[in-house]
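Chain by chain, the residues run as shown.
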Amino acid sequence: MGNSPVGKMVCCPLSVVRCNKQPTTDDRQPATGNRQPATGNRQPATGNRQPTTGNRQPATGNRQLTTDIVLLGFNHKTAPVELRECLAFSQDEIAAALEAFQKDPAVRESVLISTCNRVEILMAANDRLNAATSAKKHISEFKNIQVDQFEDTLYIHEGDAAVRHIFRVASSLDSMVVGEPQILGQLKEAYRTAILKKTSGVILNRLLHKTFSVAKRVRTETGIGDRAVSVSFAAIELGRKIFGVLEGKKVLLVGAGEMAELAVEHLIRNRVGEIFVANRTFERGVELARKFSGKAIRFEEITDCLQQADIVISSTGSPNFVITRKQVKGSMRGRKNRPVFFIDIAVPRDIDPDINRLSNAYVYDIDDLKGVIEENIDDRNREALKGERIIDEAVISFRRWYDSLNVVPTIVALRKKMDDIAEAEIRKTLNSLNHLSEDDGQAIRRMTEAMINKILHDPTLFLKNNGCLKDRSAYLDITRKLFKLDEF
Amino acid sequence: MEVLIIITILFYMLSTAGYIAYLFLQKDYLNRSGYYLLAAGFFCHSAALIYGFVRSGHLPVYTLHETLFMAGWTIAGVFLVFQYKFNVKVLGAYAAPLATIVMLISSQLPREPAQAKNIFNSFWVSFHVIVIFIGEAAFALACGVGLLYLIQEYSIKNKSHGFFFRRLPSLELLDATGYTCIISGFTMLTLGLITGFLYAKLAWGRFWSWDPKEVWSGITWLLYAALLHGRFALGWRGRKAAIMSAIGFAALLFTFLGVNLFLKGHHGEFTRW
């Protein structure tokens, strides 16, 4: 984890598969709407909240009434890196996976996110068990790997748990380094691809939009991503506390090494000024200096250079101190006591810790920096708890929307059943009462309609509003059973 | 007048509350509201001051009540200017309470109207008083910034990154702010002393009369001069400068109040109570 938690993740291929299981569904809807224009119009409340849903649902509703959100995946906690490497999806594979998903009757919508730390398949499924099974089957086919080889590492979440999981992933509460910012971008990129392919469905569209806003809330309302959690970033953060802005500060790199070079790269990104590189072997120094477009100096010149350099990063293999208190003390006058910040990444240490006692000189060794990081990680974890609270709220609010989505088809089906019965009975009655005029027939129809409206008024309100606060889906279930709405 | 003073103090108190809440909660709107509340308080304060000036025809600096009233005004004003320029966020938690406390003390003191003496009624006296007060307010801020610097420097040196480390700005910003405060304070103090000498020549016929106030003003001036000289010539920055600005302010406080309260001299009546 040492250096850049962020940098390393960039490598990951990012992928999304979105399959719309029934691409024709949307096309079919208007026809349904036309067949029952009255139904659609008579549900004003529905229309206000989810205008499109109201019209779209009936067709689907008649065939398959429940849709579940299912999430299946594995991450760095459940699967070892070797397996994650095998199972990661590339961009091309995603296109293929998308097609395979489209053919599957169990899955209606799906999104696939693949990074080097996780693969998540998010689905809106007609049949959750089959959806999970077929998702596994697809992974197995795509990756040429037996299902039982990776099955143990999978987690499967349904309903609220799935929603919560995707919220946590996007908010980076589930990441290896809590609070790392990349995952949200990866998710967004994934979703953008889905939009371009025009395959998003009602449910996952809504879910992902909610996910992005939740992640944004978590990031802005908690300090989850505020503090550095890598050595080089921690050094930069400290530098900012000393210098304010790093722009134009001169840097001296003594020795070489991955962590030190990474720190210099971060500094360059912060637009520091001139960079000096000192190395025991001058040629190596020249090489490094070229890499940073800096200036190579000889090891003996370090003392002189201390008069100019504001940030000194040291990482040599030397058993003794490379920079001594005496050297620094001598240079302070020449630099008019401008502050100087020493970052000692070497073990054994290169920079005499006594330098820290000189005024305007600050020394941090590798242990100090690690101490800073530990504090920062604790801090992030504390902030993550706040994030969980935000997510709890969001899950509840999504659930409320999701339930209202199911209320609509139920009410529509109930209404339709009543209308059908009334229509049949009116026809029967009017056939046997031939003496009634056309106007009388209309009056009877109007009366019947009014009765239906009044009879359904309260149950409709009950289902739609919060009359059944705790478990709306249970009431919906009962309603469907009572009126036998699922028989078609 | 009375109402204006109460409103002013209320605004300053609210501003203090805002800044202290900002210190703990770190919400930007608290910082902003602290600033605007202080500005509103300053506005009322100015109104009260102008009212007093118009009514009595001279600057209200003839009793301790009036002097502190004026001091609170300059502290708030100078802070507003510096904050606008540097935006040292935590500084409000020092300056706003300072202004509030000064005002509270001032409002508790007896305030019989001073008998106007013609001797004080001159442009030079008013100028002398105003620039000295502005200079003192700038030095008060410099002291506050210096204290913040020392806290921040301590936490960086000792690697204890607690409450203040996160909230305080960078050492460089604190140092630069403190330096600007000292420079402006010193300029004002110098101007104030010069006008004081000129006025002494006019009123008493000599520039310097070994009055305790004069002596202590001289000492304070020398201290700050030494600080600035050290900075220019020897590069006294950071910690040393911060400590010096605190010492300088202590000397200044004594010159401002101590001399009048404990020693005798021709400035004595300004702090009568």
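Residues numbered from 1 in each chain as written. Chains lettered and ligands numbered in written order. Predicted model: local features only at pLDDT ≥ 70, side-chain atom pairs only at ≥ 80, totals over all residues. Heavy atoms only, no water.

So, the overall build of chain B
Each helix and strand counted, chain B has nine helices and zero strands in total. Order of helices (α) and strands (β) in chain B, N terminus to C terminus: α-α-α-α-α-α-α-α-α. Within chain B, buried positions represent 52% of all 273 residues. Sequence-distant contacts in chain B: of pairs separated by 6 or more residues, those separated by 24 or more amount to 78%. Total accessible area on chain B is roughly 12,300 Å²; 73% of this is exposed by carbon and sulfur atoms. (Helix = DSSP H or I, 4+ residues; strand = E, 2+ residues; numbered from the N terminus. Buried < 20%, exposed > 50% of the residue type's maximum accessible area, 1.4 Å probe, protein only. Contact = heavy atoms within 4.5 Å. Areas by Shrake-Rupley, 256 points an atom, 1.4 Å probe, with all protein chains shown as cover.)

A closer look at the layout of surface pockets
Estimates place the volume of the largest pocket at around 1,100 Å³. Around the largest pocket, the lining comprises 38 residues; the ones closest to its centre are Gly223, Gly225, Asp226, Arg227 and Asp379 of chain A. Listing elements by their share of the lining of the largest pocket, those giving two or more residues are helix 11 (202-221), helix 12 (231-243), helix 13 (258-269) and helix 17 (366-432) of chain A together with helix 1 (2-25) and helix 6 (163-167) of chain B. Across the lining of the largest pocket, the residue classes tally to ten nonpolar, nine polar and 19 charged. Residue contributions to the lining of the largest pocket reach at least three from each of two domains, namely domain 1 (1-111) and domain 2 (117-273) of chain B. (1 Å grid on protein atoms, 1.4 Å probe; cavity = no way out; pocket = protein on both sides within 12 Å on 5 of 7 lines; lining within 4 Å. Points joined across faces, edges and corners; volume = space filled by probe spheres on them. Nonpolar A, V, L, I, M, F, W, Y, C, P; charged D, E, K, R; others polar. Domains from an automatic or database assignment.)

Section: the confidence of the model for chain A
The pLDDT averaged across chain A works out to 79; a share of 82% of its residues lies at or above 70. Counting contacts from residues 1-65 of chain A, a segment whose pLDDT is below 50, to residues more than four positions away or on other chains yields 132 contacts. (pLDDT = per-residue confidence, 0-100.)

What about helix 3 (residues 64-86) of chain B?
Each α-helix turn comprises 3.6 residues. Residues three or four places apart therefore point the same way. Residue and element names in this part refer to chain B. The end-to-end C-alpha distance of helix 3, which contains 23 residues, comes to 32 Å, matching closely the 33 Å that a straight helix rising 1.5 Å per residue would cover. Helix 3 sits mainly inside the fold: 19 of its 23 residues count as buried. In the segment just after helix 3, asparagine 87 is the residue with positive phi, at about 50°. (Expected span 1.5 Å × (residues − 1).)

Remarks on the environment of phenylalanine 276 of chain A
Residues and elements named next belong to chain A. Along the chain, the position of phenylalanine 276 falls in strand 7 (residues 275-278). Looking at phenylalanine 276, the relative accessible area reads 3%, which means it is buried. Sequence separation between phenylalanine 276 and leucine 253 is 23 residues; the distance between their C-alpha atoms is 6.1 Å. Apart from residues no more than four positions distant in its own chain, phenylalanine 276 is found in contact with Lys250, Val251, Leu252, Leu253, Lys295, Ile297, Cys305 and Gln308.

Quick word on the pattern of salt bridges
Residues and elements named next belong to chain A. Within this structure, the stated rule accounts for 36 salt bridges over all chains. Measuring nitrogen to oxygen at the nearest pair gives 3.7 Å for the salt bridge that ties arginine 284 to glutamate 261. Pair noted here: arginine 284 is in helix 14 (residues 282-291) and glutamate 261 is in helix 13, with a separation of 23 residues, a long-range link. A relative accessible area of 11% places glutamate 261 in the buried class. A salt bridge links aspartate 379 to arginine 382; its shortest N-O distance comes to 3.2 Å. You can see aspartate 379 and its partner arginine 382 sitting in helix 17, three residues apart, about one turn around the helix. (Salt bridge = Lys/Arg side-chain N within 4 Å of Asp/Glu carboxyl O.)

Quick look at empty space enclosed by the protein
Residues and elements named next belong to chain B. Evaluation of the coordinates by the stated rule reveals nine cavities of 30 Å³ or more. By volume, the second largest cavity amounts to about 120 Å³. What lines the second largest cavity is a set of 16 residues, among which Asp175, Gly178, Tyr179, Ala241 and Ala242 lie closest to the centre. When contributions to the lining of the second largest cavity are tallied by element, the ones reaching two or more residues are helix 5 (123-157), helix 7 (171-204), helix 8 (212-234) and helix 9 (238-262). Residue classes in the lining of the second largest cavity are distributed as ten nonpolar, four polar and two charged.

Considering the interface of chain B and chain A
In this complex, chain B contributes 23 residues to the contact, which on the side of chain A involves 27 residues. For the pair chain B and chain A, the summed buried surface comes to about 2,000 Å²; carbon and sulfur atoms form 45% of the total. The tally of links from chain B across to chain A stands at three salt bridges. Its salt-bridge partner being lysine 249 of chain A, residue glutamate 172 of chain B comes within 3.8 Å of it at the nearest N-O pair. Broken down by secondary-structure element, the contributors of at least two residues to the side of chain B that touches chain A are helix 5, helix 6, helix 7, helix 8 and helix 9 of chain B. When the residues that make up the side of chain B that touches chain A are grouped by side-chain class, the tally is ten nonpolar, six polar and seven charged. (Buried area = accessible area lost by both parts, 1.4 Å probe.)

What to know about the side chain of serine 175 of chain A
Residue and element names in this part refer to chain A. By secondary structure assignment, the location of serine 175 is in the loop between helix 9 (159-170) and helix 10 (182-196). What makes serine 175 buried here is its relative accessible area of 7%. A distance of 3.0 Å separates polar atoms of two side chains, one belonging to serine 175 and the other to serine 172. Those residues in contact with serine 175, other than ones at most four positions away along the chain, are His76, Arg118, Glu180 and Ile183. (Polar contact = N/O pair within 3.5 Å; in protein donor to acceptor, adjacent residues only side chain to side chain.)

Some points on the confidence of the model for chain B
Residues and elements named next belong to chain B. With 92% of its residues at a pLDDT of 70 or more, chain B has an overall mean of 84. Mean pLDDT per element in chain B: helix 6 is the minimum at 83, and helix 1 is the maximum at 90. Overall fold confidence for the complex sits at a pTM of 0.69, while the interface term, ipTM, reaches 0.82.

Here's the deal with the packing of aromatic side chains
All chains considered together, the criterion is met by 14 aromatic pairs over all chains. Ring centres of tyrosine 35 of chain B and tyrosine 36 of chain B lie 6.0 Å apart, and the angle between their planes is 75°; on these two criteria the pair is classed as edge-to-face. Using a relative accessible area of 18% as the deciding quantity, one classes tyrosine 35 of chain B as buried. Between the aromatic rings of phenylalanine 163 of chain B and phenylalanine 164 of chain B, the centroid separation amounts to 5.2 Å while the plane-to-plane angle is 85°, which identifies the pairing as edge-to-face. One aromatic cluster in this structure is built from Phe24, Phe163 and Phe164 of chain B. A cation over an aromatic ring shows up here: arginine 298 of chain A above the ring of phenylalanine 282 of chain A, its NZ or CZ 4.1 Å from the ring centre. Its guanidinium or amino end placed over the ring of tyrosine 179 of chain B, arginine 231 of chain B lies 4.1 Å from that ring's centre, counting from NZ or CZ. (Phe/Tyr/Trp six-rings, centres within 6.5 Å; stacked < 30°, edge-to-face > 60°. Lys NZ or Arg CZ within 6 Å of the ring centre and 35° of its normal.)

Thoughts on the packing of helix 5 of chain B against helix 7 of chain B
Residues and elements named next belong to chain B. Where helix 5 meets helix 7, the closest approach of the two axes is 7 Å, and the angle between their N-to-C directions is 155°. Of the possible angle classes, the one that applies to helix 5 and helix 7 is roughly antiparallel. Relative to helix 7, helix 5 is oriented so that their crossing is left-handed. Residues that form the contact of helix 5 with helix 7 fall into these classes: 25 nonpolar, nine polar and two charged. (Axes fitted to C-alpha atoms, helices over the stretch in contact; angles between N-to-C directions. Parallel < 35°, antiparallel > 145°, perpendicular 65-115°, else oblique. Left-handed = near helix turned anticlockwise from the far one by under 90°.)

Remarks on a nonpolar patch on the surface
All names here are of chain B. There is a patch of nonpolar side chains on the surface, built from Phe123, Trp124, Ile194, Leu198, Leu202, Phe207, Trp208 and Trp210 and spanning about 910 Å² of accessible area. Of all the secondary-structure elements, those providing two or more residues to the nonpolar patch are helix 5 and helix 7. When residues in the nonpolar patch are grouped by element, the largest group, three residues, is from helix 7. With respect to the helices and strands, the residue phenylalanine 207 is situated in the loop between helix 7 and helix 8. Phenylalanine 207 gets classed as partly exposed once you look at its relative accessible area, which sits at 41%. (Patch = residues over 30% accessible without salt bridge, like charges linked within 9 Å, V, L, I, M, F, W, Y side chains within 5 Å.)

As for unusual backbone geometry
Of note, the bond from valine 347 of chain A into proline 348 of chain A is cis; its omega dihedral lies within 30 degrees of zero at -5°. Inspection of the secondary structure puts proline 348 of chain A in the loop between strand 10 (340-344) and strand 11 (361-365). The backbone phi angle of serine 172 of chain A is positive, close to 65°, even though this residue is not glycine. In this structure, serine 172 of chain A sits in the loop between helix 9 and helix 10. Positive phi is not limited to glycine here, since glutamine 26 of chain B has a value of about 60°.

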